[in-house]
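Understanding the architecture of this molecule
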Amino acid sequence: FEQFYKISVEKANANSRHEETQADIEKKAHLYFKKIYEGKISLDEVISTLKEFKTSKDPKDSEMYACMIHALFDEYKFFGQYPEKELRITAVLFGLLIKHRVVYNTTLGIALRLILDALQQKPSSNVFQFGIWALQQFKERLHQWPQYCALIVAIPHLRQNHPALVSYVEASAHAEKSDAAGGKPGDVNLSGQAGALSKGQETKTKEAEEALKTYDVPTEKIRDKLHFLINNLSKANLKDKAEELKKVLMPEFFEYFSHFLVTRRVEQEANHLQMYSEFIGKYGDKKLYKVITKHTYKNINVLLTSEKTVQRAEGVNDRKNLKNLGSWLGLMTLARNKPILAKQMRLKELVLQACADGRLIAIIPFVTKVLEPTVQSKIFKPPNPWLMAILALLREVMEVENLKLNLKFAIECLFNHLKLELKSVQPTKALIRVPVHSQNLKPTEQSLQTQQVPTSANKGDDQSLQVDSSQADSSQGAPTEEGKDSMQFVKIHPSIPLFQNYPDLKRCVPPAVDRAIQDIIPVVERSVQIACVTTRQLIMKDFASERDVNVIRRAAHKMVKKLTSSLALVTCKDPLRVSITNNLASRLEEALGHLPSPERDVEHACVQVSADNLELGCRLVEKAASERAVYDIDDILGDFYQRKRTGTPSANNFAHDLPVDLKPEANGMLSPTQKKVYDDFGSQRLPADLSNAGKVDFNDGSAVKLPNHVQKRANPMAKRNQHPSNQTVLDNLMTTYNALKKALLSYPSAKDIPVANLPKTGHKSQEIHKMLNMFPSTLQAARDENIFPKEVMYLTFAKEVFRDLFEERSNALTISAQCAILHCVVTAHPSAVDRITEWLFAAEDAERKFVKPVIVALVGNQIVDVRVVDEYFRKALIQNLTTPSRDNNQMQWRVLDLCIALVRDLVIKEQLLPLECFRNIVEVILRLPKSHLLPFESSIQIIFDGIAALRPELAHKLAHHDTKEAKSNTDDSRFKIVDVPVPSEEAEQPSLRRSAGILLDDWFSICLQGTVSDKTYAQYLQILRNEGLLQTTKSTNLFFRLIIELCIDYSSKSPSQSMSYTTIDALAKLVVFLVKFLDSSNKIALLSSFLQVAAHVLIRDHNSKNILENSSGETFNQKPYLRLFTNLLYDLNTPDPSLDSSNIDVLNAFTHAFHTLRPSRVPGFAFAWMELISHRMFMPKLLISKPRRCSIMFKTLIVDLLEFLHPYLQNADLVEQIRLMYKGTLRILLVLLHDFPEFLCEFHFSFCDAIPTTCIQMRNLVLSAFPRNVRLPDPLTPNLKVDLLPEITHPPKIGCNVTEALVNSGLLRPLDEYLTTRQPASFRLKLSKRLQGTETKLGFQYDLKLINSLILHLGMQGIEKLQSKNDEGIVSQFQDNACMDIFDGLMLTLDPEGRYYVLNAIANQLRYPNNHTHYFSCVLLFLFLHSEDMFVKEQITRVLLERLIVHQPHPWGLLITFIELIKNPQYDFGRQPFTNCAPEIARLFDSVTRSCMPSHEERGKRIPDGVDQGKVEQ
């Protein structure tokens, strides 16, 4: 715009006759605006004047036009300070400039961008209101810019506050464009491209945002040449056109051309993709190829992440574009022998994620189109391993039951295109652990519930009229026979505009009405119950002396039908109207898709159809409810009928209390008048009685004929009288159960797989799942009987299953299936839990009570009473562990093993039950000495870690759990634990260690041979399998433990003086070999098992040698373990994707192992541990990974390191070893500060919690980090306005739970209540006492984590409240702020130590420019300025000063705060008494002041121009 302005000025100077200075022009423009705001001239006159200036040939007028427009745009940044009247005038003027085309081209683009920016501000701000007023002035022109409309619609708060305006903008986006360029000549093209979106194409928000990015757009002449060249492209002239393109297209226009080609051509012209690909190849520019590929990936990612893509109707165009982009991507990469890099796109992961998310409808066609061009490749055509792996996954997807046919067809077409047979590709097993979303499957036929009443059906058919969503999508086609038949049952008024424009949409009405009635049926269930209870009481009163059962039944039927229909009508009318409206609206919106239709037409159609068909729906609901009530009343009065048949008298005990008119006659019978009451119930035609009427009359005389089968289906209870007996139900259950047992026994390959994990595919698996699904419905078929009650039937069947459960205890598949059946029984009959629990513990043999897999399955499925289990095993633990007996030795360990398994599997791992369920068991385990827990060390550690996570208050007790504590806690006679010898796993299998040693020696021989053929490795792998050492998890872990111990012994007993690592290196190679080739489907699990076993071997070795250190002199050596882990990190860094150490699962396995070996647990391994977590094969790869959980995992390791050092650094206990570890920690933090500053920024809160208050430089290292996309302003810049920096309004990213300490202490809720209401007034005093904690001889023991959590939470709440006020500034609002009340209260009520901790917590938030830094800087300065206590000011100075006098780096926010403190005269810092109390102190402050505020010459020497101060400090 400045260039335009200069041109205008130059033209004015050229005309010497009308020469006028710039000052005069600006003065004249100022007078114009003054007249506008004073109301002396109207806005219409201003627009007319500007139009004249714009078209005038006089240079002075052109200058005036440019000056006024430029001044108006420059004022935008001050609109937030305008009064309402002036702001409205300005907004209207702004909008009129656009409406009347006063601004055009560049100036129009600037104006539109300013209005868009205003609309994105907070709804409460003046700038947002300006945007609304301005937009309303030119909304008639919005249809010219559909991309601009998309950006406006994408603003979330705009739809909430101005829904009508957003609806208008959405309608404008779909309006027809005036020309292909999206506007009239002279209009700006917001995208910078030649053309707007084609008619009917979906407007994507991300594309619109991308379109507003400024590319180097060629001139109109060059654009015309490019478009003409592409339009005339053919296969015959590719070479000539490529040469022509080289002359026209310059490198600076590659971005524009790529965007045009991919968005306008590739997405819409599927038939020309091959030609465009060859054309780019003829052009032969690598840079253009990279830019085109980049735009292709960008557009693909937009469509893949769009929710609209997977919507059946609305996403049709997006899915078509995605398929075209897939073909284009394959042609540009695979067909040219170029790979699709994993960092750009992972096709296998894309398919697996789509299976789980229900997005296969878009992903499968896209992936198949990407792979089709591989037939043109020399590298990626079959049998390329990468391609075959994806094809195998697609082959498995095809086998998914009920997969949609179009997805199967797409996969079959791909195989045909690649000339491959489906049978030739073996499917993978990747979907076993991936649940297939229901949206990927075609809808299955489901029978209606007995209460559902259909409103329509086919002739001669007994199926409900439900229009499939796919049929609704194809609503533009001719109606099917089913649709034609349905029209005669539901009324559709011919005057509805929507159905006049789209007649085929009438097919959506019958299924919508049908669905609405089905949804309302459950609502009237209560009406049935009320009517039945009322009828029962009245019938038993009035017919107490009646002996004819038929008379009683007829009266009951008449009464209950009348009552039910009346209640149902009252209950269902309004909900049914709403349900019909909502169901029809959703179906119409889905069917319309992107077709233009005003929202009011859809709403009108829904309301009209709902009103027309409401009576029909109500009558059908009444009929269904009445028939249900008739059946229920017969059941309720069954005993009453039986007594009448047998002649048992029924006394009318309350007849004497009735009024005269209601009393029966002397003989107990009803009088004729009283009988007439029941006759009148049936004399009136019930509204729901449609069996004789055949038609339903409507207000306008039209009728809807009901077919006979609909009337039959309207009686869902018609067949319930033909119900099987309970004996038949039991026979059916036993037949199904016996068939299931045979099927389970015939599936030996899956014997170790729980039934829930069986694949959904495969004949045997499907048969098992089908039979298991039959049990719930069969059990529900039981009914109350006098001869064979259903409760007895349930327990009889459960007894049979329970007995078989213990006969098949070795088979995991059978146990899980039988527990699933028992769970069904318990669901149908909850009291069966008590009986099954009695059966379990009533047995005298211990085999039943202590079978671990069975007990865990029963408890996990809640088939037995968990409280009884907890109490029983608590007593069993105490009894077995306190009674020394050789015979009882094995039982002791079986009981303890079972109890540990219950807690570990059900509470910690699976989290099926809360910890409180096993409170007694956990208490006993916590009181056991280490000698008893040593065989279960890994499981115990899992339990301890899990309990510490679930119950933080127990973490301290678990961390100090040792033998002495256990003995001291169990020193009473009631609970004395006898020391029992630990069972040896090698003793149970004496030959296992020998076999492991022989296999290890064979492997050493293979490694020493150097070059070995694949045959040798294959033979060794076969030997391992034949030995059976790796068949189960238990044997595998035992084998790993033995070979690790053997290798460590070999290396330690080396005859040479230096340790030999040959065996360690061979062991690492063996592990990598096993992980690669032993089990391809479970590589990560095998690696995790080895790492955990290695960690526990290390812990056992460390603990035993530390105990023996004083007696034998043997010490723990960490070097062989360090060598082992280091080799694994190196060897696993291979091209194999599943073993790449950048793989998330591999990194996760190493992280868990390193956390297990943290220094606080294994101090002797601390130095090696530090080297491992900072290893170049671990730390960078973990932090580079995109998933956020990788950063969280590494944060845990850094916190482990800091917590280990904390007690030593806090007490200044710096022995040489700790001093070395401290230096190593500083180096790790420096590397993170330099290479991964975002990591330190995100988790600074957790690190500051773990860093002692004495380690000021270490804390400065963490707080000095700032994101790499942030440029720190020089804090020494004169007149630097911090509050005007754009970054100062942005919140920082915090990856920690800030309020965890507040929640654990119970302070969060009262704190938030005080911040909201400032009540109670005593809260501040109580808060200080809560922070002080317990009193010791040296003072109060403060909870520093609680203080840090409190301060940061207060800041975040304070910022939120201040932003909502939107007044003059932050500091001016501190006087009336609940957060500042608490800050002031803490300064007044805490002792000096507490104040120091609070001020430190505030200083911890002085970091890089963000709103936290600004807020807490203002808090410190505010406290300094307004505090009347000189000691508070002195402590604030101390906190800032001690962080500045240490070596660099210094946080930017710390420098800004201290400079403001000493520079601003209102703080009077230089005259404070504590700054001049001694000459040494005065010199210190003078030195710090000069270092923070050097002279201009010194600054010029220290920091060159353009260099960031923050970077220099680092």
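Heads up: the structure comes first, above all this text.
This section reports on the structure supplied with the text. Remember, predicted model here, so these are calculated numbers, not experimental data. (Residues numbered from 1 in each chain as written. Predicted model: local features only at pLDDT ≥ 70, side-chain atom pairs only at ≥ 80, totals over all residues. Heavy atoms only, no water.)

It is worth spelling out the overall build of the protein chain at this point. Assigned secondary structure in the protein chain consists of 73 helices and 4 strands. At a minimum sequence separation of 6, the contacts of the protein chain that also span at least 24 residues come to 75%. As displayed, the protein chain offers around 74,000 Å² of accessible surface, 51% of which is attributable to carbon and sulfur atoms. (Helix = DSSP H or I, 4+ residues; strand = E, 2+ residues; numbered from the N terminus. Contact = heavy atoms within 4.5 Å. Areas by Shrake-Rupley, 256 points an atom, 1.4 Å probe, with all protein chains shown as cover.)

With 23 residues, helix 57 (residues 1188–1210) extends 32 Å between its outermost C-alpha atoms, agreeing within 8% with the 33 Å of an ideal straight helix rising 1.5 Å per residue. Taken as a whole, helix 57 carries its principal kink of about 30° at F1204; the proline P1207 stands between one and four residues after it. Looking at the residues trailing helix 57, positive phi occurs at A1212, about 55°. (Expected span 1.5 Å × (residues − 1). Bend = angle between axes of the 7 residues up to and from the residue.)

Residues F1165, F1194 and L1232 are the most contacted members of the largest nonpolar core, which totals 172 residues. For this core, the leading source of residues is helix 57, giving 11 residues. For L1232, the contacting residues outside a window of four places in its chain are M1179, L1183, F1194, I1198, P1237, F1239 and L1240. Grouped together as the second largest cluster of nonpolar side chains are 83 residues, I836, L877, L898 and I940 included. (Core = buried A, V, L, I, M, F, W, Y, C linked by side-chain atoms within 4.5 Å. Buried < 20%, exposed > 50% of the residue type's maximum accessible area, 1.4 Å probe, protein only.)

Now for the pattern of salt bridges. Enumeration according to the criterion identifies 24 salt bridges in this entry. Between E269 and R265 there is a salt bridge, and its shortest N-O distance comes to 3.0 Å. When sorted by exposure, E269 lands in the same class as R265, which is buried. Here K369 and E372 are joined by a salt bridge, their closest N and O atoms 3.9 Å apart. Note on E372: relative accessible area 18%, which makes it buried. (Salt bridge = Lys/Arg side-chain N within 4 Å of Asp/Glu carboxyl O.)

Attention shifts here to the packing of helix 19 (residues 360–371) against helix 21 (residues 405–417). Running from amino to carboxyl end, helix 19 crosses helix 21 at an angle of 10°, the nearest separation of the two axes being 9 Å. Overall, the two elements helix 19 and helix 21 adopt an arrangement that is roughly parallel. Packed against helix 19, whose contacting residues are L360, I361, I364, P365, T368 and L371, the element helix 21 presents L407, A410, I411 and L414 at the interface. Across the contact of helix 19 with helix 21, the residue classes break down as 9 nonpolar, 1 polar and no charged. (Axes fitted to C-alpha atoms, helices over the stretch in contact; angles between N-to-C directions. Parallel < 35°, antiparallel > 145°, perpendicular 65-115°, else oblique. Nonpolar A, V, L, I, M, F, W, Y, C, P; charged D, E, K, R; others polar.)

Moving on, we come to the side chain of Q1435. Here Q1435 is to be found in helix 69 (residues 1430–1444). Looking at Q1435, its side chain comes within polar contact range of the side chain of R1395, at 2.8 Å. (Polar contact = N/O pair within 3.5 Å; in protein donor to acceptor, adjacent residues only side chain to side chain.)

For the rest of this paragraph, the subject is unusual backbone geometry. Between P382 and the following residue, P383, the backbone shows a cis peptide bond with an omega angle of 10°. Structurally, P383 is set in the loop between helix 19 and helix 20 (385–398). With an omega of 10°, the peptide bond between Q1448 and P1449 qualifies as cis. For P1449, the location among the structural elements is in the loop between helix 69 and helix 70 (1452–1463). If you check the backbone angles, K419 has positive phi at about 60° while not being a glycine.

Any link to function would need more than the numbers given here.
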